[in-house]
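# Descriptive analysis of the structure
So the chains spell out like this:
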Amino acid sequence: ILGGYEARPHLRPYMASLQLDGQHVCGGFLIAEQWVLSAAHCTEGTNGKLFQVLLGAHSLTEPEPHKRLYRVRAQIAHPGSNIHNNRDDLLLLQLEEKAELNAHVKVLPFQREDRDVEADTLCEAAGWGTVTHSGRRPDKLQQVERPVISRELCNHRTRHDQTITEKMMCTDSRKKDTCKGDSGGPLVCNGVAEGVVTAGSRVCGNYKKPAIYTRIAPYATWIDGVMASAAG
Ligand SMILES: NCc1cccc(Nc2n[nH]c3ncnc(Nc4cccc(O)c4)c23)c1
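Now for a look at the structure at hand. Just so it is clear, the model here is predicted, and its values are computed rather than measured.

In this structure, aspartate 21 takes a positive phi of about 50° despite not being glycine. If you trace the backbone, aspartate 21 turns up in the loop between strand S2 (15–20) and strand S3 (23–32). Aspartate 21 sits in the exposed class, given a relative accessible area of 69%.

Here it is as structure tokens:
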């Protein structure tokens, strides 16, 4: 997160850190007791290795009550996701067991009504992604508030030039923005997860490249289907 600030500890008890060999790679969030939603692009370069999921954390390194690392039973990327574009950039992770819910570990509801969030709506992104252009990584969860911009503006030829589909949304990226390692985290508007951070052009903090999110509502049926079929 560029231009943000340290989150109030455990005020975002749904936040997950997707880790490989103890290293934060991507964000994610708890959508059900045994399921975390993140971004398919997060599996790039992981060589098919399964993530471990850190829940209940504020600091990535300090011991904290209710902080716990979960093994992953399955990672299911949306069938439409691919390395060449940002379309269908969603990843479902089934935890080895149900997460123990408490004050620091909670499920975040996601939007099921497929209607665009109005432009200028203030939403929040949070993550343990880089906090400087030189790539400094924070130990504690960061957050930033960003206004939604219209798809029309985001698709302008000087911005993302007609690549933003009706299954994506954008926020202004002037100075305050998501960045490397924030992918997979939720964009929360009025307490509901409306989008999942996708890297897009990978540019951070430049108003010419607004931040892009995969809207969740269009994928509610897919998400429910995967969770139902793997249940049991
Ligand atoms: N703001 C959109 C967004 C959301 C999520 C991730 C991203 N960026 C990135 N995702 N993956 C990356 N691998 C390498 N570099 C990256 N961005 C980068 C790194 C240093 C300085 C800088 O200005 C930008 C990214 C960008």
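Remark on secondary structure: sheet strands pair via backbone hydrogen bonds, oriented parallel or antiparallel. Spatially, S2-S3-S4-S7-S6-S5 is the arrangement adopted by the 6 strands of the closed barrel, whose pairing is antiparallel. Neighbour-to-neighbour, the strand axes of the sheet open up by a mean angle of 40°, direction not taken into account. Direction of pairing for S2 relative to strand S5 (residues 52–55): antiparallel, over a ladder of 4 bridges. Among the inter-strand pairings, alanine 16 is bridged to a residue of S5, identified as leucine 55.

Throughout the structure, instances matching the rule amount to 13 salt bridges. What you see here is one network of salt bridges that share partners, running through Asp114, Asp116, Arg151 and Arg215.

Another aspect to go through is the state of the cysteines. Applying the stated criterion to the full structure yields 4 disulfides. The partner cysteine of cysteine 26 in its disulfide is cysteine 42, sulfur to sulfur 2.0 Å. For the disulfide bridge between cysteine 26 and cysteine 42, the dihedral angle about the S-S bond is near -90°, and by the sign convention the bridge is left-handed. Taken together, the residues cysteine 26 in strand S3 and cysteine 42 in the loop between strand S4 (35–38) and S5 connect sequence positions 16 residues apart. Here cysteine 26 matches cysteine 42 in class, with each residue buried. Shown here is the disulfide that connects cysteine 179 with cysteine 204, its sulfur atoms set 2.1 Å apart. Note on the cysteine 179 and cysteine 204 pair: the S-S dihedral is about 85°, so by sign convention the disulfide is right-handed. Residue cysteine 179 is found in the loop between strand S10 (168–171) and strand S11 (186–189), and its partner cysteine 204 is found in the loop between strand S12 (192–198) and strand S13 (211–215); the two are separated by 25 residues along the sequence.

Let us look at the side chain of glutamate 194. Along the polypeptide, glutamate 194 turns up in strand S12. Here glutamate 194 sits buried without a salt bridge, and the closest side chain of opposite charge, arginine 215, lies 5.7 Å off (N-O distance). Side chain to side chain, glutamate 194 and glutamine 111 meet in a polar contact 2.8 Å long. Discounting chain neighbours no more than four positions away, the residues touching glutamate 194 are Gln111, Val117, Met169, Leu187, Cys189, Thr214, Arg215 and Ile216.

Take the side chain of histidine 78 next. Its place among the elements puts histidine 78 in the loop between strand S6 (68–77) and strand S7 (91–95). Residue histidine 78 is classed as buried on the basis of its relative accessible area, which comes to 14%. In terms of polar contacts, histidine 78 uses its side chain to reach the backbone amide nitrogen of glycine 80, at 2.9 Å. In this structure histidine 78 touches Asp88, Leu90, Tyr219 and Trp222, once residues within four positions along its chain are discounted.

Parameters at a glance
- Residues numbered from 1 in each chain as written.
- Predicted model: local features only at pLDDT ≥ 70, side-chain atom pairs only at ≥ 80, totals over all residues.
- Heavy atoms only, no water.
- Helix = DSSP H or I, 4+ residues; strand = E, 2+ residues; numbered from the N terminus.
- Buried < 20%, exposed > 50% of the residue type's maximum accessible area, 1.4 Å probe, protein only.
- Pairing = 2+ DSSP bridges.
- Axes fitted to C-alpha atoms, helices over the stretch in contact; angles between N-to-C directions.
- Salt bridge = Lys/Arg side-chain N within 4 Å of Asp/Glu carboxyl O.
- Disulfide = S-S within 2.5 Å.
- Lys, Arg positive; Asp, Glu negative; His and termini not counted.
- Polar contact = N/O pair within 3.5 Å; in protein donor to acceptor, adjacent residues only side chain to side chain.
- Contact = heavy atoms within 4.5 Å.

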